[in-house]
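So you can see what is in the structure, the chains are spelled out below.
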Number of protein chains: 2
Amino acid sequence: MNYQIELRHFIYFLAVAEELHYRKAAEKLFISQPGLSTQIKQMEEILQTQLFVRDKKKVSLTPAGEFLKGEVEFILNHLEQTQKQLKLIGDGHSGEIRIGFLGSAMQNVVPKLLLDMKKKYPLVHTSLEELSNKAQISAIFRDKLDLGFVRLARVPKGLKIKPVFEDTFSLVLPKDYPLDEKGFKGIHQVSQDDFILFSQDYSPLYYDTVMSICEDGGFTPNVSHKSVHAQTIFKLVENNLGIAIIPTALQYGFQMEVKFIELKKIKQRAILSAVWKEDNRNPALQNCIDLLLKE
Amino acid sequence: MNYQIELRHFIYFLAVAEELHYRKAAEKLFISQPGLSTQIKQMEEILQTQLFVRDKKKVSLTPAGEFLKGEVEFILNHLEQTQKQLKLIGDGHSGEIRIGFLGSAMQNVVPKLLLDMKKKYPLVHTSLEELSNKAQISAIFRDKLDLGFVRLARVPKGLKIKPVFEDTFSLVLPKDYPLDEKGFKGIHQVSQDDFILFSQDYSPLYYDTVMSICEDGGFTPNVSHKSVHAQTIFKLVENNLGIAIIPTALQYGFQMEVKFIELKKIKQRAILSAVWKEDNRNPALQNCIDLLLKE
DNA sequence: TTTTTGTAATATTTAATAAGTATGAATTAT
DNA sequence: ATAATTCATACTTATTAAATATTACAAAAA
């Protein structure tokens, strides 16, 4: 008596509305004609609206039926589309990946990944956010980020980390500094200068690495300024407030009056790593990581 | 084995997606928990997509499930509306338009529209609901509302927005405040007062506009209270807890012991806009919009 | 530790109901 | 007339949703 309308009703209705003929519609649906009759009748009862006029020898739609036909076509199409879309998302071919990164990852790793993703999974959207190491780790834990690009040696339990880019370090010097690529023999030559570094808090690994570079050169650097922005560091160097050591990749993309000397002979490397949560449920993420690590 | 998805599945799914708890969802649906479990499982099989993660002790949605939740909300709302429309058409009327509005739209725009509609389309029913900007946008997206009246500068993709009423702002002052229309020279005269505003969350555009009015007056307002109801704001002003700036139209329709000074010389205007979904399928809506925009 | 509590998943049975068969009534065509 | 075609009704069968009872597992409490 008090049934609920179901999609089956809509499918049957549409067949009758198209054929305007119960037997033919029933054949198309591979059910018996009486079954179809009762279902349509039931449907009219549930909706409390007459949908067809059975006018002795021919069936036709009422205005309400005409309206419903349009709606049912829309609903069934929309449903089909939804199912397709759903399957894609479930298989990781669609959806969204939220990526966090350090500014320095924007020089090569991240853009390359975005291009590869777009090529292989054009339906996957990405959202990008520049964040500190710490903020990325925390965001990944809270499931606010799927993938991060950090400079860290290790990460808390539950997260996975893989190096994705290894870079040399470079000295950043003011344009008029009395030393150039040719004259450069070793890091000890700048031991008397003030140093401008990324703050320890922002990237402990970077900080420790730079310290060890200087130690290997036989001195402890005099750190005059700390910053979290490459832009700021360059600006300070430009204004003769000190010199810096940065991952080489960072020298591209800024318009600055400074010069660089790449520290090729030094063993330390600036390592950028990808981080993600082991049990992340985003199906698109695995595809993304596979793409990132495949080479 | 090879079943077909049914609306029942969607209704069950939505309950679980909302409660994230099988037993509670089952109770809400007045069915048994095992029945619900099997139906959801069947649904996942039919769709060939995992929708929930049952993580021993807690249930959560997969990205695919998250996507489906939004779609199901839309589909079920649309269906409900379709049934209502169908019944009206079957009964010889011609449909229903569901309108949402901010309280301030009730002073002129909405009543006028209702009168015009009644005159031109007497068989079209309207349902009205007072909602915040945000709630209207969300309801329009989920097909719970056909037309909204908001104060927003822009709306998400897929929605259309058109200004329909431009209003000045007015100062709201306590009855005994030592300033009146004659003595009023500019907004700077009230720069020392506390301000009571509609909350930023409720109407960001209003908030920003009031801020810019004060900035133009050379000060940053000291906001002491925020509210979402004009009634409350007037009450607070009446009790000398501060002064307010509101769209002028709001001053009508309330019985309050406050006085108003219209800020005629100020360039900012309170703009009320109509919003609707581009691909809304309600046939009565287009007529309504035409009527609304024709002047 | 063991017990209790709260959770979802199985197994089995029962009840609801969609769909089938057979048939009838009404209409048109021959 | 008679036959053929249409949809509706009565009744039966087969399918399947949903209920009951139970299990399995984990977390919280004793």
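Details of the structure are given in the entry above.
A short tour of the structure in this document, coming up. Computed from a prediction, not measured in an experiment: that's the story for all the values here.

Regarding the packing of aromatic side chains
No. 1: As enumerated under the stated definition, the model contains 15 aromatic pairs over all chains in all.
No. 2: With a centroid separation of 5.2 Å and an interplanar angle of 75 degrees, the aromatic rings of Phe 234 of chain B and Phe 254 of chain B are classed as edge-to-face. With Phe 234 of chain B in helix α8 (residues 230-238) and Phe 254 of chain B in the loop between β10 (243-247) and β11 (258-262), this pair connects stretches of sequence that are 20 residues apart.
No. 3: Judged by its relative accessible area of 0%, Phe 234 of chain B falls in the buried class.
No. 4: A relative accessible area of 24% places Phe 254 of chain B in the partly exposed class.
No. 5: Members of the aromatic cluster, connected to one another through ring pairs, are Phe 13, Tyr 22 and Phe 52 of chain A.

Focus on the protein's contact with DNA strand D
No. 1: In the vicinity of DNA strand D there are 20 residues, among which His 21, Arg 23 and Arg 54 of chain A together with Tyr 12 and Ser 32 of chain B approach most closely.
No. 2: Take the atoms of DNA strand D that sit within 4 Å of the protein: sugar and phosphate atoms are 74% of them.
No. 3: One of the side-chain N or O atoms of Ser 37 of chain A is found 3.0 Å from a phosphate oxygen in DNA strand D.
No. 4: Residue Ser 32 of chain B places a main-chain N or O atom 2.6 Å away from a phosphate oxygen belonging to DNA strand D.
No. 5: For the surface near DNA strand D, the secondary structure elements donating two or more residues are α2 (22-29) and α3 (33-47) of chain A together with α1 (7-19) and α3 (33-47) of chain B.
No. 6: If you tally residues by element for the surface near DNA strand D, the top one is α3 of chain A, at 4 residues.
No. 7: Grouping the constituent residues of the surface near DNA strand D by class yields 8 nonpolar, 6 polar and 6 charged.

Comments concerning the sheet that holds strand β12 (residues 270-277) of chain B
All names here are of chain B.
No. 1: Strand order in the open sheet formed by 5 strands is β4-β3-β5-β12-β6, with mixed pairing between adjacent strands. Strands with a single pairing partner mark the edges of an open sheet, and in this sheet they are β4 (125-130) and β6 (159-167). Ignoring strand direction, the axes of neighbouring strands in this sheet form an average angle of 20 degrees.
No. 2: Pairing between strand β3 (residues 96-101) and β4: 6 bridges, direction parallel. Bridging from a neighbouring strand, Phe 101 pairs with Glu 130 of β4.
No. 3: Packed onto the sheet, helix α4 (residues 63-90) meets β3, β4 and β12 and runs at close to 130 degrees relative to β3.

The rules behind each value
- Residues numbered from 1 in each chain as written.
- Chains lettered and ligands numbered in written order.
- Predicted model: local features only at pLDDT ≥ 70, side-chain atom pairs only at ≥ 80, totals over all residues.
- Heavy atoms only, no water.
- Phe/Tyr/Trp six-rings, centres within 6.5 Å; stacked < 30°, edge-to-face > 60°.
- Helix = DSSP H or I, 4+ residues; strand = E, 2+ residues; numbered from the N terminus.
- Buried < 20%, exposed > 50% of the residue type's maximum accessible area, 1.4 Å probe, protein only.
- Near = heavy atom within 4 Å.
- Polar contact = N/O pair within 3.5 Å; in protein donor to acceptor, adjacent residues only side chain to side chain.
- Nonpolar A, V, L, I, M, F, W, Y, C, P; charged D, E, K, R; others polar.
- Pairing = 2+ DSSP bridges.
- Axes fitted to C-alpha atoms, helices over the stretch in contact; angles between N-to-C directions.
- Contact = heavy atoms within 4.5 Å.

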